[in-house]
Structures are given as C-alpha cells and as structure tokens.
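# Structural characterization, general
What follows is each chain in one-letter form.
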Amino acid sequence: MEPVLSLRALNRTALERQLLLRRTGLSAIEVAEHLVGLQAQTPHTWYAGLWNRIEGFDPLVASALLESRELVRIVLQRGTIHLVSARDCLGLRPLIEPMIERGTRSTFVRKLDGVDLDELGRFGRALVEEKALTFADLGAALAERWPGNDAHALSQVVRWLVPLVQVPPRGLWGRSGPIAHTSAEAWLGRTGSPMEAREMVRRYLRAFGPASVKDVQTWSGLTRLAEVVKGMDLVRYRGEDDRVLYDVPEMSLTSAEISVPVRFMYDFDNAFIGYADRSRFITPQALEVAPAFVKANVQWRLVLVDGFTAGDWTTTSAKGTTTLTVHQWKPFAPSDLDEAMAEGARLLEFLAPEDRHEIVAALGPSRA
C-alpha cells in the first residue's frame, strides 16, 4: 500500500519545491532551471514570480540576462511563452515540439493551400535570421512568397517549424518593444541536444511533485507519458482521493504542520498552472470566484494565506502614487492581514520604487 498524503502535506511540499516557503539565494538562472521555466506570457509580470522566490532579487539583473541571451522567452509548455535558460531552451523545445505541431496542424496548416512545409520552414527561418520580425511582418513577407494564403496562418506554421524566441527590448525591466522573433539557434549562436522525456519528468517532479501522470501531461502539454513514468525509478504515494502520485526518491516531503508565509502570486504563476488537479493550492471558494475573472477576461493575481488561495491583489497608479489593494474573499485573521499588509508594502517597493505607496484592504474579490 502506498502512503497516503494529505492535502496539507501536498500543499507544503509544493510550496517548498516552488521556493515559496522561504526566499532562496539561488540566481535567476538557477531558479528558472529548477522550475523548468517560468510562464512569461506577459512581458513583465514574471519578474514578481522571481521576486517571490529570490532573496534580494534585482530585476535589472534578470533583465540583463535577457540581453546577454542567458535567459530567453520562447513558446514551450502548453504552447505558452516561458522564461528559460539558454540550455533549457535548446533542450526543451525539440521535446515539446509534438505538442506545438499538433495544435498548429489542427488550427493553421489546414488553412494553407499549395504550401510545401519544408520550404516554408527554410524560407521563414531565413527571414527571421536576417532580421528579427513581428508575426505581422513575417506573415506579410511569407504571403508575398505564397500569395492567396492567410498571412497569419503562414507565420504561425513557421512558429512550429522554427523555434522562435522573443528578442529584447521586449520583456526588459522598465522597457518594452515590439514582439519580434528570431530563431533560437541564431539568437544563442549554437544548437543543443533534445532533452529526454524522462529527464523532463524527473525535473518536473523535483519542482512540482509528488504529482500524477496527468499533472505532468497538463503542465507540459505532452501526452502518453504513462509509459515514460512506468519505466522510471520513482516513489509512489496516493492522494486523499486515491490518485497515484509519483516522486523522485531523493526528494523529501515537507511537514503538513509547518507554518507558511503570505504570498502575492503573479498572474501566470506555474504553482497554479502546473497541475491537472490544482486543489493543493486552489480552494473551492476560488473556484466560485473564478468565473467573474473569466467573464472579465482578467487573469487573477492570487494571495496565498496559510498556503491556500484566500484573496487576490490589484494595483493602480495615479499622480505618482501606486496603490495596492488586498482583496480578502473572506476576512483574514488579524495576524494574517498584518502579514499581508507588510508583504504588500515590500511588493510595492519592488514594483514601483519611485512612487508614493498606499495599501488598502478590501472585502470581496476584485471581480464580482
């Protein structure tokens, strides 16, 4: 019989492995590699994800790593943009490619008529390696070569055929720029060896485990990983719902009784997105609140209290003052609210160091 892990034990262990119990002395590259990438769908909010995890985090250091090409932003897991190290960019992209191909074929390839995909890949690569291009500019150039075809579909098929990285100034701290792309090989000046599926699973478990096969598949976007897991030397547990959960033998579990700090999570934090079953963080109350955010097309920024979703946070700026509002879905305990206000003050110092700061505690979600 496999040991049964309580929800709180899974919560505490996940917080530990996500570097959210205490801030680490690891570098931004080391954290990105430990987490197997941070989702970086927006150009800047992922900086708060690193701030949550790294002691004394300096966003300009991470920004400089993008400029020096040691960190890159590229479409990877689930077909979404991730911040990864150069090494993981070259290793993960070939492994993830079948998922990107599957989505691209079903959505865009069927719109093309008379286009040889090998030629499209070569032509598209030559274009972006000559000059970094936005998808609009890339599509326009491809449509000249293949007239009568949808320019957007042509550019999106190239995104599958050629690993495209977003180049700075897009994503730099305090700056922005067009969403322009070149190939990973041209940007990094080298090629790499594809990561093996079992290595990806092992690294996922070190950062997210214990977890189920379905969890790994949801996080990665890949399918048929049960056979990969079956051939690995892993520890087995069961959740309270009787799901089989796997873990790497060298990783320990965290006590369910350990106290945890309040955390202000960024909008696409992997801690939430990295599971099929998100109950180790997401409460039933959060599921009740979620439809209002979906309806408003707003990605929530969640507040964790005692390790679980208890509220969300928003910021507004006007006339040199940035205001952070802590939206308590239910009233926090006084000590938790005090801790949230103190952590919010630190977050404001990070997000808007030149502004005046205000912190407001409100009852109810920011979207209702």
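Report follows, based on the coordinates. (Residues numbered from 1 in each chain as written. Predicted model: local features only at pLDDT ≥ 70, side-chain atom pairs only at ≥ 80, totals over all residues. Heavy atoms only, no water.)

### Thoughts on the overall build of the protein chain
Scanning the protein chain from N- to C-terminus turns up 15 helices and 14 strands. The principal-axis extent of the C-alpha atoms belonging to the protein chain is close to 65 × 60 × 40 Å. In the protein chain, which comprises 368 residues, the share counted as buried stands at 52%. Expressed as a percentage of contacts within the protein chain between residues at least 6 apart in sequence, the contacts between residues at least 24 apart total 67%. Positive and negative charge centroids in the protein chain, built from 43 and 46 side chains respectively, lie 3 Å apart. (Helix = DSSP H or I, 4+ residues; strand = E, 2+ residues; numbered from the N terminus. Buried < 20%, exposed > 50% of the residue type's maximum accessible area, 1.4 Å probe, protein only. Contact = heavy atoms within 4.5 Å. Lys, Arg positive; Asp, Glu negative; His and termini not counted. Charge placed at Lys NZ, Arg CZ, Asp CG, Glu CD.)

### So, the sheet that holds strand E9 (residues 244-247)
Pairing is mixed in the open sheet, where three strands are placed in the order E1-E8-E9. The sheet terminates laterally at strand E1 (4-5) and E9, the two strands that pair on one side only. (Pairing = 2+ DSSP bridges.)

### Describing the packing of helix H10 (residues 197-208) against helix H11 (residues 213-220)
Direction vectors running N to C along H10 and H11 enclose 100°, while the axes themselves pass 11 Å from each other. The orientation of H10 relative to H11 falls into the category roughly perpendicular. For the pair formed by H10 and H11, the contact residues are Met200, Val201, Tyr204 and Phe208 on the first element and Asp215, Val216, Trp219 and Ser220 on the second. For the contact of H10 with H11, the per-class residue count stands at six nonpolar, one polar and one charged. (Axes fitted to C-alpha atoms, helices over the stretch in contact; angles between N-to-C directions. Parallel < 35°, antiparallel > 145°, perpendicular 65-115°, else oblique. Nonpolar A, V, L, I, M, F, W, Y, C, P; charged D, E, K, R; others polar.)

### Topic: the nonpolar core
By size, the foremost hydrophobic cluster in this structure holds 115 residues, and its most contacted members are Trp46, Leu50, Leu120, Met200 and Phe264. Contact partners of phenylalanine 264, with chain neighbours within four places excluded, come to Asn52, Leu302, Val303, Trp313, Leu324, Val326, Ala340, Glu343, Gly344 and Leu347. (Core = buried A, V, L, I, M, F, W, Y, C linked by side-chain atoms within 4.5 Å.)

### Examining the side chain of glutamine 156
As for its placement among the helices and strands, glutamine 156 is situated in helix H8 (residues 151-161). Residue glutamine 156 is classed as buried on the basis of its relative accessible area of 8%. Those residues in contact with glutamine 156 that lie beyond four places of it in its chain are Thr104, Phe108 and Phe135.

### Section: the packing of aromatic side chains
Throughout the structure, instances matching the rule amount to 14 aromatic pairs. Ring plane angle 20° and centroid distance 3.8 Å describe the contact between tryptophan 46 and tyrosine 47, whose orientation is recorded as stacked. Comparing tryptophan 46 with tyrosine 47, the two get one shared label, buried. Between tyrosine 204 and tryptophan 219, the ring centres sit 4.9 Å apart and the planes meet at 45°, which makes this aromatic pair tilted. Placement of the pair is tyrosine 204 in helix H10 and tryptophan 219 in helix H11, with a sequence separation of 15 residues. Since its relative accessible area comes to 0%, tryptophan 219 is described here as buried. The structure contains a cluster of three or more aromatic residues connected by ring pairs, namely Trp46, Tyr47, Trp51, Phe57, Trp173 and Phe350. Across the ring face of tryptophan 187, the terminal group of arginine 69 is positioned such that the distance to the ring centre comes to 3.5 Å. Sitting above the plane of the tryptophan 313 ring, arginine 301 keeps its charged end 4.0 Å from the centroid. (Phe/Tyr/Trp six-rings, centres within 6.5 Å; stacked < 30°, edge-to-face > 60°. Lys NZ or Arg CZ within 6 Å of the ring centre and 35° of its normal.)

### Some points on the pairing of strand E14 (residues 356-363)
Bridge count between strand E13 (residues 321-328) and E14: eight bridges; the pairing is parallel. Across the sheet, threonine 322 pairs through a bridge with histidine 357, a residue of E14.

### Observations concerning the pattern of salt bridges
Per the counting criterion, the structure on display carries 25 salt bridges. In this structure, aspartate 247 and arginine 17 form a salt bridge, with 2.7 Å as the shortest nitrogen-oxygen distance. In this pair, aspartate 247 sits in strand E9 while arginine 17 sits in helix H1 (residues 7-17), placing the two residues 230 residues apart along the sequence. When its relative accessible area of 3% is taken as the criterion, arginine 17 is described as buried. Where arginine 202 meets glutamate 250, a salt bridge forms, and the shortest distance between an N and an O atom there is 3.7 Å. (Salt bridge = Lys/Arg side-chain N within 4 Å of Asp/Glu carboxyl O.)

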